[in-house]
Amino acid sequence: MTALTRVDDTTLPAFAAFLMARAAPDVRDYLATTDLRALFLDRHGAEAWLQGDAGAPTAALTLVRAPRHDGCVVVSAQILTAGGGLAAAEACLEAFLDREDPIAPVARLYRITEQTHQPTPAARLAARGFTRIPGLCEYRRPAGAPRPGEFVLADQALGAGYGLALFDDPAQPPDRAVADRVAAIHNHTLGARGSVADWTADVVQGRLSQPGSGLIVARRGGEIAGHILFQQMEGGILVIEACLARAHWRSGAIDAMCRLMAERVSAPRGLDVVACADVTNAASRRAMERAGMTLTGEHHLWEKYVAAGA
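Conventions we followed
Residues numbered from 1 in each chain as written. Predicted model: local features only at pLDDT ≥ 70, side-chain atom pairs only at ≥ 80, totals over all residues. Heavy atoms only, no water. Helix = DSSP H or I, 4+ residues; strand = E, 2+ residues; numbered from the N terminus. Rg over C-alpha atoms; globule rule 2.2 N^0.38 Å. Buried < 20%, exposed > 50% of the residue type's maximum accessible area, 1.4 Å probe, protein only. Areas by Shrake-Rupley, 256 points an atom, 1.4 Å probe, with all protein chains shown as cover. Lys, Arg positive; Asp, Glu negative; His and termini not counted. Charge placed at Lys NZ, Arg CZ, Asp CG, Glu CD. Contact = heavy atoms within 4.5 Å. Pairing = 2+ DSSP bridges. Axes fitted to C-alpha atoms, helices over the stretch in contact; angles between N-to-C directions. Core = buried A, V, L, I, M, F, W, Y, C linked by side-chain atoms within 4.5 Å. Phe/Tyr/Trp six-rings, centres within 6.5 Å; stacked < 30°, edge-to-face > 60°. Right-handed = clockwise from strand over helix to strand, strands pointing away. pLDDT = per-residue confidence, 0-100. Disulfide = S-S within 2.5 Å. Polar contact = N/O pair within 3.5 Å; in protein donor to acceptor, adjacent residues only side chain to side chain.

Draft legend 1. Examining the overall build of the protein more closely. When you go through the protein residue by residue, the secondary structure sums to ten helices and twelve strands. Whereas a compact globule of 310 residues would reach a radius of gyration of roughly 19 Å, the protein reaches 20 Å, a difference of no more than 12%. Counting only C-alpha atoms, the protein reaches 65 × 40 × 35 Å along its principal axes. With 310 residues in all, the protein has 47% of them scored as buried. About 14,400 Å² of surface is accessible on the protein, with carbon and sulfur atoms providing 54% of the total. Taking the average location of the 31 positive side-chain charges in the protein and that of its 34 negative ones, the two points are 4 Å from each other.

Have a look at this one:
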């Protein structure tokens, strides 16, 4: 079996060329406007590996190891193959798992997302103890201003005193306190569910440094109650996260922020809005339906939990 080779400054050009040639269209658009060295070599917890000869690799593996609030390390990995072949995906998966520490010093949660344009080594994943679970539902709203029947709780939130702000100008980013609060809301609501890694203000500011990105926040009484973080991609405006602090659930603030996105982001740019939610997250799915979004696809995950010392 061909071992994986860690991507470094020498092999970064070959790795970048491989990604640009094989990634999905929306991902290529993101990569073309991103500092790949900062993303794959300098970012804390990020790793990139090539399978096979660096001059003509058969596959590439990218991953991020991020600590969760409970100490568990979430290892989110993706495999990209040269010709879309299952054998190459299987070989890359085996090489990755075989090089991991045989005994986990801390708990780990491995996550591999199925991709529509790449084969999934399902048999190998199952043999290595992974379980296929429902993952994300994808929703889409056509570009344009608000339409009758959408965002039905937005006025309720505004009437209750919620105010909105949009940050989509790179020359005028939100201050550090805003980024800190966005990260805290993420960690307390999503990180606590165990499905994602914790954020810091640096993570939030890094996301906002990407072209076409933006942040919408809802405030009440001087405190940020929730946010929507988004990124413009080739296929539309991707909602990276829409989140409310628990004290503000059912307030209608999500509807108000979504309406602002339709008015001041989607309509002016002429781009659809795309968002995902966990299959089991009924509240988020209802909020997207109130925003005029319709279900367009579903993605599954393969997960394996390894306890500390196991």
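The structure having been displayed, the exposition proceeds.
Draft legend 2. Quick look at the side chain of Thr62. Within the secondary structure, Thr62 sits in strand β3 (residues 59–67). Setting aside residues up to four positions removed in sequence, Thr62 forms contacts with Phe15, Phe40, Glu47, Ser76, Ala77 and Gln78.

Draft legend 3. View of the sheet that holds strand β4 (residues 73–81). The strand order β1-β2-β3-β4-β5-β12-β6-β11-β10-β9-β8-β7 describes an open sheet built from twelve strands, whose pairing is mixed. At either margin of the open sheet sits one strand with a lone partner, and together these are β1 (4–6) and β7 (163–167). Strand after strand, the sheet turns through a mean of 25° between neighbouring axes, direction not considered. Contacting β2 (46–51), β3 and β4, helix α1 (residues 12–22) crosses the sheet at an angle of about 75° to β4. Helix α4 (residues 86–99) contacts β1, β2, β3, β4 and β5 (108–113) of the sheet and is inclined by roughly 40° relative to β3.

Draft legend 4. Spatial organisation of the nonpolar core. Formed by 32 residues in total, the largest nonpolar core has its most connected members in Ile216, Ile228, Phe230, Met257, Met261 and Met293. Broken down by secondary-structure element, the contributors of at least two residues to this core are β6 (131–141), α6 (154–159), β8 (214–220), β9 (223–233), β10 (236–244), α9 (253–269), β11 (273–278) and α10 (282–290). At nine residues, the largest contribution of residues to this core is made by α9. In this view, Ile216 contacts Ala165, Leu166, Gly226, His227, Ile228, Phe230, Met257, Leu260 and Met261; residues no more than four positions away in its chain are not counted. Counting residues in each nonpolar core, the second largest holds 22 residues, with Leu61, Val73, Leu97 and Tyr110 among its members.

Draft legend 5. Broad picture of the packing of aromatic side chains. Applying the stated criterion across every chain, the model contains three aromatic pairs. Relative to Phe40, the ring of Phe15 lies with its centre 5.1 Å away and its plane at 85°, an arrangement referred to as edge-to-face. Taken together, the residues span a long stretch of sequence, with Phe15 in helix α1 and Phe40 in helix α3 (residues 36–42) at a distance of 25 residues. Judged by its relative accessible area of 0%, Phe15 falls in the buried class. Members of the aromatic cluster, each reached through a chain of ring pairs, are Phe96, Tyr110 and Phe130.

Draft legend 6. How the structure looks around the pairing of β5. Among the six residues in β5, five count as buried, and that is most of the element. Pairing of β4 with β5, which is carried by five bridges, proceeds in the parallel orientation. Its bridge partner lying in β5, Ala77 is registered against Ile112. What joins β4 to β5 is α4, and the crossover it makes is right-handed. Here β5 pairs with strand β12 (residues 294–306) via six bridges, running antiparallel. What sits directly across from Leu109, in β12, is Tyr305.

Draft legend 7. Quick look at the confidence of the model for the protein. The share of residues in the protein with pLDDT of 70 or more is 96%, and the mean pLDDT across the chain is 89. Within the protein, the lowest mean pLDDT, 70, falls on helix α2 (residues 25–32), and the highest, 98, falls on β7.

Draft legend 8. Up close: the state of the cysteines. Applying the stated criterion across every chain, the model contains zero disulfides. Just so you know, Cys72 is unpaired, no disulfide at all, and the nearest cysteine sulfur is the one on Cys243, 20 Å from it. The class for Cys72 is buried, based on a relative accessible area of 3%. Distance from the sulfur of Cys243, which forms no disulfide, to the nearest cysteine sulfur (Cys258) is 12 Å.

Draft legend 9. Main features of the environment of Glu90. Checked against the element boundaries, Glu90 lands in helix α4. Take Glu90: its relative accessible area is 16%, and that puts it in the buried class. It is 8.9 Å that separates the C-alpha atoms of Glu90 and Ala123, two residues lying 33 residues apart in sequence. With residues up to four places along the chain from it excluded, the contact list for Glu90 reads Pro121 and Arg124.

Draft legend 10. Summary view of the side chain of Gln118. Secondary-structure assignment places Gln118 in the loop between β5 and α5 (122–127). On the accessibility criterion, Gln118 (10% relative accessible area) is buried. Only 2.6 Å separates the side chain of Gln118 from the backbone nitrogen of Thr81, close enough to count as a polar contact. Not counting residues within four places of it along the chain, the set of residues in contact with Gln118 comprises Ile79, Leu80, Thr81 and Gly84.

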